[in-house]
Amino acid sequence: MKISQPLASKAAAALLLFFVFACGPSNKELIVGTWTGTDFSFEQTEGPDLADLVKGGEKLHINGKLILEQTGTYIISTADDVINGKGTWEIKGDEFTMIDEQDNEVVYEIIDLSEAEMTTLHEVKMETPLGNLAGKITLTYKK
């Protein structure tokens, strides 16, 4: 039986893609390291306009560091190297979970992850003196 050239090319391409994805680094391998915050976006879905609160979150993130250790621990620091959080982390597929020292848990959806860049999305809800505030935060990092 003779295989046509287009079919053989497609089969070879499919096999190559399989090996690239099957043998490439896992999300856990990619996520370990020191990440620097490069972009911050907040999409508000509920509550009063609290622009200063949002700007404060952006200031903490931009040029701040997220250090994810192979051991499953993390440290978050500001651009001025002030520690802003510590705890443990885990990753399952595209879900990245961080639990701080006070047992507060945040689940991030990984939108993009490569050796050099990561983008996450997570929902936030908080009570403020002016009412409940809710929205989605997109964070971008470079390694």
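This one's a predicted model, so the numbers in the text were calculated from it and none came from an experiment.

Thresholds, definitions, all that
Residues numbered from 1 in each chain as written. Predicted model: local features only at pLDDT ≥ 70, side-chain atom pairs only at ≥ 80, totals over all residues. Heavy atoms only, no water. 1 Å grid on protein atoms, 1.4 Å probe; cavity = no way out; pocket = protein on both sides within 12 Å on 5 of 7 lines; lining within 4 Å. Points joined across faces, edges and corners; volume = space filled by probe spheres on them. Helix = DSSP H or I, 4+ residues; strand = E, 2+ residues; numbered from the N terminus. Nonpolar A, V, L, I, M, F, W, Y, C, P; charged D, E, K, R; others polar. Core = buried A, V, L, I, M, F, W, Y, C linked by side-chain atoms within 4.5 Å. Buried < 20%, exposed > 50% of the residue type's maximum accessible area, 1.4 Å probe, protein only. Salt bridge = Lys/Arg side-chain N within 4 Å of Asp/Glu carboxyl O. Polar contact = N/O pair within 3.5 Å; in protein donor to acceptor, adjacent residues only side chain to side chain.

What follows covers the layout of surface pockets. Where empty space is left can be seen by rolling a probe of water-molecule size over the atoms. A volume near 850 Å³ is recorded for the largest pocket. Along its surface, the largest pocket is lined by 31 residues, and Ile76, Asn84, Tyr108, His122 and Leu139 are the ones closest to its centre. Looking at which element gives the most residues to the lining of the largest pocket, the answer is helix H3 (residues 51–61), with five residues. Looking at the lining of the largest pocket residue by residue, the classes come out as 18 nonpolar, eight polar and five charged.

Attention shifts here to the nonpolar core. Counting residues in hydrophobic clusters, the biggest one holds 20 residues, and the most contacted among them are Ile31, Leu66, Leu68, Trp89 and Phe96. Of all the elements in the fold, those that place two or more residues in this core are helix H2 (27–31), strand E1 (33–46), strand E2 (65–68), strand E4 (83–92), strand E5 (95–100), strand E6 (105–113), strand E7 (117–128) and strand E8 (131–142).

Turning our attention to the pattern of salt bridges. In this structure the tally under the stated criterion is two salt bridges. Lysine 92 is the partner of glutamate 90 in a salt bridge, and the nearest nitrogen-oxygen pair spans 3.8 Å. Glutamate 90 sits in the partly exposed class, given a relative accessible area of 41%. Lysine 142 is the salt-bridge partner of glutamate 117, the closest N and O atoms lying 2.5 Å from each other. Residue glutamate 117 is found in strand E7, and its partner lysine 142 is found in strand E8; the two are separated by 25 residues along the sequence. The exposure class of glutamate 117 is partly exposed, given its relative accessible area of 24%. On the accessibility criterion, lysine 142 (41% relative accessible area) is partly exposed.

Our next topic: the environment of glutamate 29. The residue glutamate 29 is located in helix H2 in this model. Looking at glutamate 29, the relative accessible area reads 53%, which means it is exposed. Between the alpha carbons of glutamate 29 and glutamate 115 there is a distance of 9.1 Å; along the sequence they are 86 residues apart. A polar atom in the side chain of glutamate 29 sits 2.8 Å from the backbone nitrogen of serine 26.

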